[in-house]
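# Architecture at a glance
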Amino acid sequence: MPAAVVVGAQWGDEGKGKVVDLYSEGADVVVRFAGGANAGHTLVLGDQKLVTHLVPSGVLHPGTLCVLGAGMVIDLETLTDEIAECRERGLLAAEDLLISERAQLILPYHRDLEAIRESGRHAIGTTRRGIGPAYESKAARTGIRPADLSRPQILRERIDQNLDQLAPLFAAHDIEVPDDEKRSRLVERLLTIAAPLLPSVGNAGRRVADEIAAGKNVLFEGAQGALLDVDHGTYPFVTSSTTTAAGACSGTGVGPTAIGKVIGISKTYCTRVGAGPFPTEMDEEVQKVWREAGGEYGATTGRPRRCGWLDLAALKTAVRINGMTSLALTKLDVLSGRGPIHVGVGYETDDGVMDELPVHVGGLKPVLRELPGWDDDLRGVRDVSKLPVAARAYIDTISDHLGVPVGLVSVGPGRSETIVLERLFS
Ligand code: IMP
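Reading the values: rules and limits
- Residues numbered from 1 in each chain as written.
- Predicted model: local features only at pLDDT ≥ 70, side-chain atom pairs only at ≥ 80, totals over all residues.
- Heavy atoms only, no water.
- Salt bridge = Lys/Arg side-chain N within 4 Å of Asp/Glu carboxyl O.
- Helix = DSSP H or I, 4+ residues; strand = E, 2+ residues; numbered from the N terminus.
- Buried < 20%, exposed > 50% of the residue type's maximum accessible area, 1.4 Å probe, protein only.
- Near = heavy atom within 4 Å.
- Polar contact = N/O pair within 3.5 Å; in protein donor to acceptor, adjacent residues only side chain to side chain.
- Areas by Shrake-Rupley, 256 points an atom, 1.4 Å probe, with all protein chains shown as cover.
- Nonpolar A, V, L, I, M, F, W, Y, C, P; charged D, E, K, R; others polar.
- Domains from an automatic or database assignment.
- Contact = heavy atoms within 4.5 Å.
- Buried area = accessible area lost by both parts, 1.4 Å probe.

A complete count under the given rule lists 27 salt bridges for this structure. A salt bridge links Arg-183 to Asp-164, with the nearest nitrogen and oxygen atoms 3.0 Å apart. With Arg-183 in helix H6 (residues 180-194) and Asp-164 in helix H5 (residues 152-172), this pair connects stretches of sequence that are 19 residues apart. Since its relative accessible area comes to 9%, Arg-183 is described here as buried. Here Asp-164 falls in the partly exposed class, since its relative accessible area comes to 46%. Between Asp-210 and Arg-206 there is a salt bridge, and its shortest N-O distance comes to 3.4 Å. With Asp-210 and Arg-206 both in helix H7 (residues 204-213) and four residues apart, this pair spans about one turn of that helix. Residue Asp-210 is classed as partly exposed on the basis of its relative accessible area, which comes to 39%. Within the structure, one salt-bridge network assembled from shared partners comprises Asp-13, Lys-267, Glu-296, Arg-305 and Lys-331.

If you want it as structure tokens, here you go:
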């Protein structure tokens with residue numbers, strides 16, 4: 001059984017938590033492969049909510065192995081809190097957790113560095129979780145990895161190396177550079193917090209490859225979205241990792257032949273948090289209505305999300321860069337009663353209409369098409385044929401435009417409020 005990857009197809013916040021939770025029902029292993037606590041997945045458990053930032057959404061299914069892959073950047077304090085919260089609910093037994101020894105750790109100085117990077121006029125509106133600076137350390141080959149957590153001397157050397165390099169910059173911004181004693185305390189703190197996690201640290205790439213070879217159902221869970229990908233997104237307004245399906249391989253330690261299915265998740269409209277171009281953004285007054293209807297506030301930062309019409313040209317880019325085999329559409333219920341729906345099908349340029357996102361997205365004028373809306377409440381619908389005609393036509397327009405079948409439609413936040421057209425694991 002080849003593995004499946006589930007990725008966000010927009011700018012994040014597509015409702016991956018719920019979809020991955022549903023798809024992971026038949027999974028033996030669920031792997032996060034990129035990003036860190038910049039992601040926030042809201043999982044609905046009956047009348048309770050669990051927001052995960054680091055632990056894969058497979059956590060709701062006891063016995064499913066939850067892997068934090070090599071491509072991730074992990075804040076041990078956040079991870080410890082999250083594990084405790086899961087265990088309070090009887091979830092995530094010790095044997096269900098595996099942390100790659102090759103992931104990167106986020107240290108307090110990464111957050112300080114991000115505060116500097118985000119303080120000027122070049123700020124891009126990051127989540128301020130130290131994500132970008134941790135990837136900077138990784139690329140600079142000064143990062144600290146879980147494998148180093150049982151080697152105090154190496155830890156201290158790396159921390160000295162990082163802080164000595166950052167000292168002039170920190171001093172110029174009036175940020176305290178930890179002295180010898182504070183550095184020793186940082187090492188102590190890391191060792192203390194790491195101790196209970198160490199039994200869960202190991203060769204995650206090897207384990208996942210072995211599980212795939214043994215015919216187990218393996219699901220890779222993306223974070224953020226395709227348009228925030230560091231190479232193919234709306235650079236520089238992007239995150240610092242590979243958010244696309246290819247990242248599942250490098251961010252875990254398996255090859256592309258392991259992947260059989262790629263499911264892209266898209267809202268039936270569009271949102272974006274942080275700064276950056278957003279061609280189909282609605283007028284501010286219209287956004288307010290959609291923000292309230294869709295509960296569009298960040299799961300990680302609580303920031304109001306910017307709202308826009310579905311951008312099929314941007315989605316077409318996402319289909320290509322992910323090699324998407326099917327699409328999961330979320331929040332169709334939010335469109336009920338909103339009146340006619342607009343959808344972006346391209347961008348106007350002097351040379352004609354562009355059908356994908358170009359390299360420079362700022363100032364692009366979208367070509368919008370109007371489609372009929374509907375008023376019916378969709379939350380009880382479980383069969384596509386029972387959807388209003390206009391809602392079915394909307395789904396068909398998306399699928400036909402992209403040339404990708406729709407495998408799932410979400411009509412409400414609850415697990416059962418879903419129309420499943422394609423099962424991942426039988
Ligand atoms: P960073 O990932 O914190 O460096 O932030 C870079 C950009 O990605 C900012 O615009 C963030 O708002 C955005 N971003 C990062 N993670 C998420 C996410 O999980 N959902 C939506 N946007 C995100």
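Around the ligand, 16 residues are found, and the nearest of them are Asp-13, Asn-38, Thr-127, Thr-239 and Arg-303. A distance of 3.4 Å separates an oxygen atom of the ligand from a polar atom in the backbone of Gly-125. Note that an oxygen atom of the ligand is positioned 3.3 Å from one of the backbone N or O atoms of Val-273. Expressed as a share of its isolated accessible area of 470 Å², the protein-covered part of the ligand is 97%. Class assignment for the residues of the shell around the ligand results in six nonpolar, eight polar and two charged. Taken together, domain 1 (3-96 + 203-420) and domain 2 (104-198) each give at least three residues to the shell around the ligand, which thus spans both.

With omega at 5°, the peptide bond leading from Tyr-235 into Pro-236 counts as cis. The phi dihedral of Leu-92 falls on the positive side, at around 60°, and the residue is not glycine. One can find Leu-92 in the loop between helix H2 (76-88) and strand S7 (97-100). One non-glycine residue, Gln-224, lies in positive phi territory at about 55°. Among the secondary structure elements, Gln-224 is positioned in the loop between strand S10 (218-221) and helix H8 (246-250).

The next point concerns the domain arrangement of the protein. Domains assigned within the protein are domain 1 (3-96 + 203-420) and domain 2 (104-198). Taking only C-alpha atoms into account, the centre of domain 1 sits 30 Å from that of domain 2. If you look at the interface, domain 1 gives 27 residues, while domain 2 gives 20 residues. Summed over both partners, the interface of domain 1 with domain 2 buries about 1800 Å², with 60% contributed by carbon and sulfur atoms. Between the two partners, domain 1 and domain 2, sit two salt bridges. Across the pair Glu-77 and Arg-189 runs a salt bridge whose closest N-O atoms are separated by 2.8 Å. Put simply, domain 1 and domain 2 have 10 residue pairs in polar contact (both at pLDDT 80 or more) between them. Elements supplying a minimum of two residues to the side of domain 1 that touches domain 2: strand S6 (73-74) and H2. Among the elements that make up the side of domain 1 that touches domain 2, the one with the highest residue count is H2 (five residues).

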